[in-house]
Amino acid sequence: MDVENAKKTDQQPWLRIHDEKISSEALVAEVQQRVEQRRTELGVTRVLFPRFGHMSSYPEPPVESGVYNPDLYHYLKQANRKPTPQLEPLLVPSPSTRVPILGRLWGMVRAQFHQLVLFYVNRSVSDQSQLNINVVSVLNELTRVSQVQQEEIDALRAEVQRLKQEHPRAS
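Quick notes on the rules
Residues numbered from 1 in each chain as written. Predicted model: local features only at pLDDT ≥ 70, side-chain atom pairs only at ≥ 80, totals over all residues. Heavy atoms only, no water. Helix = DSSP H or I, 4+ residues; strand = E, 2+ residues; numbered from the N terminus. Buried < 20%, exposed > 50% of the residue type's maximum accessible area, 1.4 Å probe, protein only. Contact = heavy atoms within 4.5 Å. Areas by Shrake-Rupley, 256 points an atom, 1.4 Å probe, with all protein chains shown as cover. Salt bridge = Lys/Arg side-chain N within 4 Å of Asp/Glu carboxyl O. Axes fitted to C-alpha atoms, helices over the stretch in contact; angles between N-to-C directions. Parallel < 35°, antiparallel > 145°, perpendicular 65-115°, else oblique. Left-handed = near helix turned anticlockwise from the far one by under 90°. Expected span 1.5 Å × (residues − 1). Polar contact = N/O pair within 3.5 Å; in protein donor to acceptor, adjacent residues only side chain to side chain. pLDDT = per-residue confidence, 0-100.

All right, on to the overall build of the protein chain then. A tally of regular secondary structure across the protein chain gives four helices and zero strands. Along the chain direction, N to C, the helices and strands of the protein chain fall in the order α-α-α-α. The buried share of the protein chain, reckoned over its 171 residues, is 11%. For the protein chain, the proportion of contacts with a sequence separation of at least 24, taken over those separated by at least 6, is 53%. Counting every atom, the protein chain has about 15,200 Å² of accessible surface; 59% of that belongs to carbon and sulfur.

Here it is, written out as C-alpha cells:
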C-alpha cells in the first residue's frame, strides 16, 4: 500500500456498507451515539492499580483502644521481621579440595553440582518468597482495616450510650 492509498483509507469510514437504505456513515454515527449513551449511563469508571513493588508496612497496635488481640500483633510483627531467604550458594571448603591437581577439579565439579541443584531450588524459593511478601502485605492491610472498623464500632457504641443517657425511656 502506498502513501496515497493510506491517506485515502484514513479519510474513509472504518465500515463500508453497500445498501440503499442504510449508509455506512449513518451506521457509524448510530454506533458512536450508542457508545456515548452507554458511557453516560454507566458513569466514569475509576480503575485503581496496585503500586508496583509495594510492601505494606506493619500496623502498630492501637494505643487508645484497649480492645485488641496481642497474639495477632505479635505474630504479624514476627512475619514482618522474617528476612527473605538467601539464594547464593555457600560452599564450605573440604579437605579433598586441598589435594594438588584433583582438589581443584573436585572443587569445580562440586560447585557445578551445587549450581545445578540451586537453579531448581532458587526458582521455587523465589516464588515462595514473593508469595510470602504478598501474604504479609495482605495481612498488614487487613489488620489496618480491622483497626479502622474497631474505631468506628467504638464510636458507635459511645454514641448509643450517649443516646441512651439522653433518652432513658426509649431503651
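On to the pattern of salt bridges. Applying the stated rule across the entire model yields six salt bridges. A salt bridge links Glu 41 to Arg 38; the shortest N-O distance between them is 3.5 Å. In this pair, Glu 41 and Arg 38 are both assigned in helix 2 (residues 24-42), three residues apart and thus about one turn of the helix distant. Classification of Glu 41 by relative accessible area gives exposed; the value is 51%. Accessibility expressed as a relative area gives 48% for Arg 38, which makes it partly exposed. Among the ionic pairs, Glu 159 bridges to Arg 162, the shortest N-O distance being 2.4 Å. Placement of the pair is Glu 159 and Arg 162 together in helix 4 (residues 102-166), with a separation of three residues, close to one helical turn. In this structure Glu 159 comes out as partly exposed when scored by relative accessible area, which is 35%. Classification of Arg 162 as partly exposed rests on a relative accessible area of 35%. Members of the salt-bridge network, linked through shared partners, are Glu 159, Arg 162 and Glu 166.

What follows is about the packing of helix 3 (residues 70-81) against helix 4. Between two packed helices, both the angle of their axes relative to each other and the distance between the axes serve to describe the pair. It is at 10 Å that the axes of helix 3 and helix 4 come closest, and there the two elements cross at 150 degrees. Between helix 3 and helix 4, the angle is such that the two are roughly antiparallel. Taken as a pair, helix 3 and helix 4 cross one another with a handedness that is left-handed. Residues Leu 72, Tyr 73, Leu 76, Ala 79 and Asn 80 of helix 3 touch helix 4, and the partners they reach there are Val 136, Leu 139, Asn 140, Thr 143 and Gln 147.

In this section: helix 3. Taking 1.5 Å as the rise per residue, helix 3 with 12 residues should run 16 Å; its terminal C-alpha atoms sit 17 Å apart, in good agreement. The residue sitting at the N-terminus of helix 3 and contributing the capping side-chain oxygen is Asn 69; that oxygen lies 3.0 Å from the backbone nitrogen of Asp 71.

When pLDDT drops low, the exact placement of atoms in the prediction is not to be read closely. For the protein chain, per-residue confidence averages 79 on the pLDDT scale, and 82% of positions sit at 70 or higher. Looking at the elements of the protein chain, mean pLDDT is at its lowest for helix 1 (residues 3-11), recorded as 53, and at its highest for helix 4, recorded as 87.

Moving on, we come to the environment of Val 135. With respect to the helices and strands, Val 135 occurs in helix 4. Residues Val 135 and Ser 56 lie 79 residues apart in sequence; the distance between their C-alpha atoms is 10.0 Å.

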